[in-house]
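Structure assessment
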Amino acid sequence: SSGINAEYGKKGGYLLIKNRPCKVDNISTSKPGKHGSAKCSFVAIDIFTGKKSEAISPGHANVDVPIVTRKEYLTSGIDSAGFLNLYDEDTGDMIEDIRLPEGDLGDKIKALVDADATCMVSVLRSMGEEKVIDVKEDNNKN
């Protein structure tokens, strides 16, 4: 993680709250008081659990910002344990330790794989965690 001044945090940016990587949903700033500095109030959503968190910081203080990466992988299958078989086109590596997500997104990936469609999944990574956040059918590979 790295740090930025709280007053420069922005909606849609990332922030560490209680040591969890979160995406900022709302920021409000209070005016400086008689004896204090302006305060920034952040409402943010955990990027992995979807849980809402709040934090308040003096405007002049530094807040921790997680390093978040998003990468697309070619999906080549799903193994019997429910892990995706992903191909990293940049490195040529196979990634087999990311679980098929539950719910609608997992159902959509499974349907595309079952239909032998070429699909790309987007994986969000931060602080040692990762999560599939999107899938799209790739029609350019034929």
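None of the values given here were measured: they were computed from a predicted structure. (Residues numbered from 1 in each chain as written. Predicted model: local features only at pLDDT ≥ 70, side-chain atom pairs only at ≥ 80, totals over all residues. Heavy atoms only, no water.)

Here we come to the overall build of the protein chain. A count of helices and strands for the protein chain gives one helix and eleven strands. When the helices and strands of the protein chain are listed from N to C terminus, the series reads β-β-β-β-β-β-β-β-β-α-β-β. Its C-alpha atoms give the protein chain a radius of gyration of 19 Å, clearly above 14 Å, the size a compact globule of 142 residues would have. Taken over the C-alpha atoms alone, the protein chain extends approximately 65 × 30 × 30 Å along its principal axes. Burial status across the protein chain gives 37% buried among its 142 residues. As presented, the protein chain carries roughly 8,700 Å² of accessible surface, and 47% of it is formed by carbon and sulfur atoms. (Helix = DSSP H or I, 4+ residues; strand = E, 2+ residues; numbered from the N terminus. Rg over C-alpha atoms; globule rule 2.2 N^0.38 Å. Buried < 20%, exposed > 50% of the residue type's maximum accessible area, 1.4 Å probe, protein only. Areas by Shrake-Rupley, 256 points an atom, 1.4 Å probe, with all protein chains shown as cover.)

The next subject is helix α1 (residues 103–114). Over its twelve residues, α1 runs 16 Å from end to end, which matches the ideal 16 Å to within 8%, given 1.5 Å per residue. Listed in full, the buried residues belonging to α1 are G106, I109, L112 and V113. Buried residues along α1 cover an arc of 130° about the axis, so they all sit on one side. The outward face of α1, more than 90 degrees from its buried face, is lined by the exposed residues D104, D107 and D114. Contacts made by the buried residues of α1 are with β7 (69–78), β8 (83–87), β10 (119–126) and β11 (129–137). The first or second residue beyond α1 is D116, which carries a positive phi of 60°. (Expected span 1.5 Å × (residues − 1). Arc of directions from axis to C-beta. Contact = heavy atoms within 4.5 Å.)

Another aspect to go through is the nonpolar core. The biggest cluster of nonpolar side chains holds 15 residues, and the ones touching the most others in it are L84, L86, I98, I109, V121, V123 and V132. Looking at this core, the elements that each hand over two or more residues are β8, β9 (94–99), α1, β10 and β11. (Core = buried A, V, L, I, M, F, W, Y, C linked by side-chain atoms within 4.5 Å.)

Attention now moves to the layout of surface pockets. Approximately 170 Å³ is the volume attributed to the largest pocket. Contributing to the lining of the largest pocket are D97, I98, R99, L100, P101, E102, E130, K131 and V132. Among the elements of the structure, β9 and β11 are those that each provide at least two residues to the lining of the largest pocket. Tallied by class, residues from the lining of the largest pocket come to four nonpolar, no polar and five charged. (1 Å grid on protein atoms, 1.4 Å probe; cavity = no way out; pocket = protein on both sides within 12 Å on 5 of 7 lines; lining within 4 Å. Points joined across faces, edges and corners; volume = space filled by probe spheres on them. Nonpolar A, V, L, I, M, F, W, Y, C, P; charged D, E, K, R; others polar.)

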